[in-house]
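Spelled out from the first residue to the last, the chains are:
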Amino acid sequence: MPGPEAHSNVDDGVLLRLPPVRGIGSARVITGLVLAVLLPPGIELMVTVLGFRNFAMIMLLQLAVAVAVAAIGGLWPAVVAAVLGSFLLNYFSADPVGSLSIADPTTLFTLVVFLAVACGVALAVGLASRRAQEAARSGAEATALSGLALQILSSDGSLEAFLEKVRSNLGMEAVTLLGSWGQGSSGQTPGAPGTASAGTQPELRVLASAGPNPPLTHAAADHTAVVDPHYTLLLRGGPLSAQRQRMLAAFGAFVVAVRERQQLVKSRRDNVRLAEGNKMRTSILRAVSHDLRTPLAGIKLAVSSLRQEDVHFPPDVERELLETIEDYADRLDHLVDNLLDMSRITADAVNPLLSGIVWAEVLPQALRGIPRERLRNELPPNLPPVQADAGMLERVVANIVENAVKYAPDSDVVLTARAGAGITLGDRPASELRIIDHGSGVGQKEVVDIFQPFQRFGDSPSPAIGGGTSAGGGIGLGLAVAKGFSEAMGGRLAAEPTPGGGLTMVVTLPLWTGGPQ
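Residues numbered from 1 in each chain as written. Predicted model: local features only at pLDDT ≥ 70, side-chain atom pairs only at ≥ 80, totals over all residues. Heavy atoms only, no water.

### Side note on the pairing of strand β11 (residues 428-436)
Step number 1: Among the 9 residues that make up β11, 7 are buried, leaving the element largely enclosed by the rest of the structure.
Step number 2: Here strand β10 (residues 413-425) pairs with β11 via 8 bridges, running antiparallel. Residue pairing for β11: L425 is matched across the bridge by R428.
Step number 3: Of the strand pairs in this sheet, β11 and strand β13 (residues 503-510) are connected by 7 bridges, and their pairing is antiparallel. Within β13, the residue paired with A430 across the bridge is P510. (Buried < 20%, exposed > 50% of the residue type's maximum accessible area, 1.4 Å probe, protein only. Helix = DSSP H or I, 4+ residues; strand = E, 2+ residues; numbered from the N terminus. Pairing = 2+ DSSP bridges.)

Encoded structure:
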């Protein structure tokens, strides 16, 4: 029997082939027939030349020939060997010798038993050969399916990529996956189990397809495979052999696995998004209940004091109250700005307007309100411009400097910058701005946590600032916003220890090339 064809699958230009399965081919059948014709007479010739006339032993030799022929050529050559052997036994070894007549009925019975045993053994050998061939074919299919499963699990997991593998492995022109959709239910996910309402028939919707002009209905498909109550495969192409039908059943199980994996990934993403949203809402409520109410209370107290008609404040006290109102109003404005910026960052709604900006250009606005005696500007002249959004870069610098001033109260804050060899972002040359304080710093393990939103020093085991002790308000968004804006502009924000103690924040942005990036 000829071996089955080897199917192939094209995956990114690499052929995935089923291992070839070789059965009893035509060459072995012909060899078996030749031996079936030559060996039985050869046995008779040999015993005649040797003068050996033991009927039972000669019969066993002929039986051995039939078994050997069955192992080589299969059933029909073995039958030929058995029939020819029994004829030769009757003619040359059974009395009367030289005649086809049999004088002793026992000899006739012996020859019949010999023929039956020889044919039975040949049938058993042929059946075993077929079973071995089927086992080899099943092993080949299992090997191919296992390799395909590994490719699917290591791929992007999309249904389209999976259906393309199904199409090419089965030799189909196009494949479509239909999923059940509960009629009359709103907001349901196509193909999600259990979407059909009670008493309604689920409607099938197209989830994915592969190949040109994929079938969209059962009538347009040449083959249909219901892989489970919620998914159906429609195939257009040539006939499906028994082997390919078995592979299609296995592919159906893969369909369910791929689809369920997609739903699990989506559910996990949704859960993470919900958890982040809950955290954001909780933190905003905390900010409103404490961090926003504190400056509001200060403003209200100062305004109420100034409005008292029966109290006349000296000019210096009145000036101090007005300064308090202005300071608290600035704090409120800063808190609200950070909340709005963080919501934009988490919603991927940050769209920077990039242009060429020199570091020194953003410092006047970014450092407004920072005590000048706390700052040391050591930026070298003639630095090349960086690719940045002016407003975002001002917020980045302002948040980092305010953080350093607040949490390293006994340290000057030093600003320096550099550009040149060794400073890159990917394959692009870059420049970096360093904001250095000499506070108590943070541990190496806490460096990652300092950029988490809604983290303040003293709120958790992981400090979110450059060192020292808590010095006032804030809702723990300054560094998170700075990092988000830095990355939105194509740069990065990192923290590293300051030699001698403290923390250095490093803002790295690509150099401006004068054109769209």
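### Some words on the sheet that holds β11
One key point about sheets: their strands pair by backbone hydrogen bonds, in either a parallel or an antiparallel sense.
Step number 1: Taken in spatial order, the 5 strands line up as β8-β10-β11-β13-β12 in an open sheet, and their pairing is mixed. Edge positions in the sheet fall to β8 (375-377) and β12 (492-497), since each has one partner strand and no second. Within the sheet, the average angular offset between the axes of one strand and its neighbour, ignoring direction, is 30°.
Step number 2: Each of β8, β10, β11 and β13 is contacted by helix α9 (residues 359-366), which is oriented at about 35° to β11, the strand it contacts most.
Step number 3: The strands that helix α11 (residues 478-488) touches are β12 and β13; relative to β12, the one it contacts most, it runs at about 130°. (Axes fitted to C-alpha atoms, helices over the stretch in contact; angles between N-to-C directions. Contact = heavy atoms within 4.5 Å.)

### Quick word on the pairing of β12
Step number 1: By the bridge criterion, 6 bridges tie β12 to β13 in an arrangement that is antiparallel. Its bridge partner being in β13, A494 is matched across the sheet by V506.
Step number 2: Here β12 folds back onto β13 in antiparallel fashion, the turn holding 5 residues, of which G500 has a positive phi close to 90°.

### Thoughts on helix α10 (residues 390-407)
Step number 1: With 18 residues, α10 ought to run about 26 Å at 1.5 Å a step, and its terminal C-alpha atoms sit 26 Å apart, in line with that.
Step number 2: Summarising burial for α10: 13 of the 18 residues are buried, a large majority.
Step number 3: The N-terminus of α10 is capped by D389, whose side-chain oxygen sits 3.0 Å from the backbone nitrogen of G391. (Expected span 1.5 Å × (residues − 1). Polar contact = N/O pair within 3.5 Å; in protein donor to acceptor, adjacent residues only side chain to side chain.)

### Observations concerning the packing of helix α1 (residues 26-50) against helix α2 (residues 55-73)
Each pair of packed helices can be summarised by the angle the axes make with each other and by the distance between the axes.
Step number 1: One way to put it is that α1 packs onto α2 with a least axis distance of 9 Å and a crossing angle of 165°. Between α1 and α2, the crossing angle belongs to the class labelled roughly antiparallel. The interaxial crossing formed by α1 with α2 has right-handed handedness. Contact with α1, carried on its side by R28, V29, T31, G32, L35, A36, L39, P40, I43, E44, M46 and V47, involves I58, L61, Q62, V65, V69, A71, I72 and G73 of α2 and no other residues of that element.
Step number 2: For the contact of α1 with α2, the residue count by class is 14 nonpolar, 4 polar and 2 charged. (Parallel < 35°, antiparallel > 145°, perpendicular 65-115°, else oblique. Left-handed = near helix turned anticlockwise from the far one by under 90°. Nonpolar A, V, L, I, M, F, W, Y, C, P; charged D, E, K, R; others polar.)

### Looking at a nonpolar patch on the surface
Step number 1: The grouping of L45, M46, V49, L50, F52, M57, L60 and L61 at the surface amounts to a nonpolar patch, some 780 Å² of accessible area in total.
Step number 2: The set of elements that each furnish at least two residues to the nonpolar patch consists of α1 and α2.
Step number 3: Broken down by element, the residue count for the nonpolar patch peaks at 4 residues, all from α1.
Step number 4: By the element assignment, M57 lies in helix α2.
Step number 5: Residue class for M57 comes out partly exposed when judged on its relative accessible area of 40%. (Patch = residues over 30% accessible without salt bridge, like charges linked within 9 Å, V, L, I, M, F, W, Y side chains within 5 Å. Areas by Shrake-Rupley, 256 points an atom, 1.4 Å probe, with all protein chains shown as cover. Salt bridge = Lys/Arg side-chain N within 4 Å of Asp/Glu carboxyl O.)

### A look at the side chain of Q62
Step number 1: Counting through the fold element by element, Q62 comes out in helix α2.
Step number 2: Of the residues examined, Q62 reaches a relative accessible area of 0% and is grouped as buried.
Step number 3: In this structure the side chain of Q62 is engaged in a polar contact, spanning 3.1 Å, whose partner is the backbone oxygen of P40.
Step number 4: Excluding residues that lie within four positions of it along the chain, Q62 makes contacts with P40, I43, E44, G85, L89 and F114.

### A word on the environment of L340
Step number 1: By secondary structure assignment, the location of L340 is in helix α8 (residues 315-346).
Step number 2: Between the C-alpha atoms of L340 and V481, which are 141 residues apart in sequence, the distance is 9.7 Å.

### A few points about the nonpolar core
Step number 1: In terms of nonpolar packing, the biggest core is built from 47 residues, with W359, L393, V397, I400, V401 and L415 touching the most fellow members.
Step number 2: By residue number, the principal contributor to this core is α10, which donates 9 residues.
Step number 3: Once you skip the residues sitting within four places of it in the chain, W359 turns out to touch L379, L383, V386, L393, A417, S431, E432, L433, V507 and L509. (Core = buried A, V, L, I, M, F, W, Y, C linked by side-chain atoms within 4.5 Å.)

### Concerning unusual backbone geometry
Excluding glycine, residues mostly carry a negative phi; peptide bonds, for their part, are mostly trans.
Step number 1: Of note in this structure, N213 is not a glycine but carries a positive phi near 45°.
Step number 2: Considering the arrangement of structural elements, one finds N213 in the loop between β4 (203-210) and β5 (223-228).
Step number 3: Even without being a glycine, N382 presents a positive backbone phi close to 60°.
Step number 4: Note on placement: N382 falls in the loop between β8 and β9 (386-388).
Step number 5: Of the residues examined, N382 reaches a relative accessible area of 79% and is grouped as exposed.

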